[in-house]
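Remarks on the overall topology
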Amino acid sequence: MAADPRSLFPGKHFISAILDALDTKTEMSGLIARRYLMRAGMAGMLIGVFYVANYTVMGAFAQVGGDGELTTIGRLAGALTFGWALVFIYYTRSELLTSNMMIVSIGHYYRRVSLGRSLRLLGMCLGGNFLGGLLVAVLLRFSSILDGVTGDLARLSVEHKLDYVTSLSGAGDLFVRAILCNFLINVAMLMVYNGYVKEDLTKSLVMIVAVALFAYLGFEHSVANTVLFSIAGLDGGLGLGAGEVGLAAANVGIALAGNFVGGGLLIGWYYAYCNDDRKYVASV
């Protein structure tokens, strides 16, 4: 007696949920593209607000503790604060590029979506994320939120990210950090979509921990970097002048490639293959 395919491919629910989500996203990006861009824009705004909150929390601890243990605790507290960004994005049904990399890769594996429509969806998502982050950057430009220690920490982060692309070894380091970043994000989304995690609280904790880990460990997220560079570009005090725009673009480009490997290939393509029962079902 042949084994039940459902017991051999326990991730089929995950694949089905992802393909259903893909169908919705491709329809939206085609028929109601403006609204899809707005949903992507909201994700960019949330990334921007929570990224600034991360630096603000870190700055508060740094002011109290100087360079001591409180600074390290502040980095952890800031990372946990930023971790909520993915929760807000998920429950507002906003569109984030890095998780869509996994979804599109699974859809492409099962030939549910063409290459052209995949690139359209990802391109529109990236554009919307950028515009949302840019709106936050414009608002911050006319505020005092980034004054003091918060702005100092953001400037140091910008300088650090630009340094990656000044050498081949630095670019390789950036690429690896981007791979691991989106690997963590999409492991979280795998757990959210796979049907085993039912409670909203557990789903939220999974997303918070994944994002907090990448933030604390210094992994690289292409959308977050885009938003940070937009903020720095509009605020001359944050260290991104006209001469550094090319370095910023190179950073984002490498981070995009690494994020796609981490989320699109190591999670999306891998789980699509592992849960592909088509040959097995045809043979039984």
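- As recorded by an unreviewed UniProt entry, the protein carries the name Formate/nitrite transporter family protein and is attributed to Sanguibacter hominis ATCC BAA-789.
- A UniProt comment under Subcellular location (unreviewed entry) is attached to the protein, and it reads "Membrane".

**Notes on the packing of aromatic side chains**
- Under the counting rule described, the total for this entry stands at 10 aromatic pairs.
- Measuring from ring centre to ring centre gives 6.2 Å for F14 and Y271, while their planes differ by 80°; the resulting arrangement is edge-to-face. Within this pair, whereas F14 is found in helix α2 (residues 12–31), its partner Y271 is found in helix α11 (residues 245–274), the two being separated by 257 residues in sequence.
- F14 sits in the buried class, given a relative accessible area of 1%.
- The class of Y271 is partly exposed, set by a relative accessible area of 26%.
- Considering the side-chain rings of Y51 and Y55, the 5.2 Å spacing of their centres and the 25° angle between planes classify their relative orientation as stacked. Taken as a pair, Y51 and Y55 lie in helix α3 (residues 33–65) at a separation of 4 residues, close to a single helical turn.
- Overall, the relative accessible area of 9% leaves Y51 in the buried class.

**A word on the packing of helix α6 (residues 115–141) against helix α10 (residues 222–234)**
- It is the contact of α6 with α10, at a shortest axis distance of 8 Å, that shows an interaxial angle of 35°. Viewed along their axes, α6 and α10 form a crossing whose handedness is right-handed. On the side of α6, the interface is formed by N129, F130, G133, L134, A137, V138, L140 and R141, while α10 contributes V223, T226, V227, S230, I231 and L234.
- Of the residues in the contact of α6 with α10, the class split is 9 nonpolar, 4 polar and 1 charged.

**Some thoughts on the layout of surface pockets**
- Each pocket or cavity is described by its volume, and for the largest pocket that value is around 470 Å³.
- Elements with a contribution of two residues or more to the lining of the largest pocket: α3, α4 (69–91), α7 (149–164), α9 (200–217) and α10.
- Sorting elements by how many residues they give to the lining of the largest pocket places α7 first, with 6 residues.
- By residue class, the composition of the lining of the largest pocket is 13 nonpolar, 6 polar and 4 charged.
- Taken as a whole, the second largest pocket encloses approximately 340 Å³ of empty space.
- Along its surface, the second largest pocket is lined by 18 residues, and K25, Y90, R93, E95 and Y193 are the ones closest to its centre.
- For the lining of the second largest pocket, the per-class residue count stands at 10 nonpolar, 4 polar and 4 charged.

Parameters at a glance
- Residues numbered from 1 in each chain as written.
- Predicted model: local features only at pLDDT ≥ 70, side-chain atom pairs only at ≥ 80, totals over all residues.
- Heavy atoms only, no water.
- UniProt positions renumbered as here; feature names shortened; annotations may be inferred.
- Phe/Tyr/Trp six-rings, centres within 6.5 Å; stacked < 30°, edge-to-face > 60°.
- Helix = DSSP H or I, 4+ residues; strand = E, 2+ residues; numbered from the N terminus.
- Buried < 20%, exposed > 50% of the residue type's maximum accessible area, 1.4 Å probe, protein only.
- Axes fitted to C-alpha atoms, helices over the stretch in contact; angles between N-to-C directions.
- Left-handed = near helix turned anticlockwise from the far one by under 90°.
- Contact = heavy atoms within 4.5 Å.
- Nonpolar A, V, L, I, M, F, W, Y, C, P; charged D, E, K, R; others polar.
- 1 Å grid on protein atoms, 1.4 Å probe; cavity = no way out; pocket = protein on both sides within 12 Å on 5 of 7 lines; lining within 4 Å.
- Points joined across faces, edges and corners; volume = space filled by probe spheres on them.

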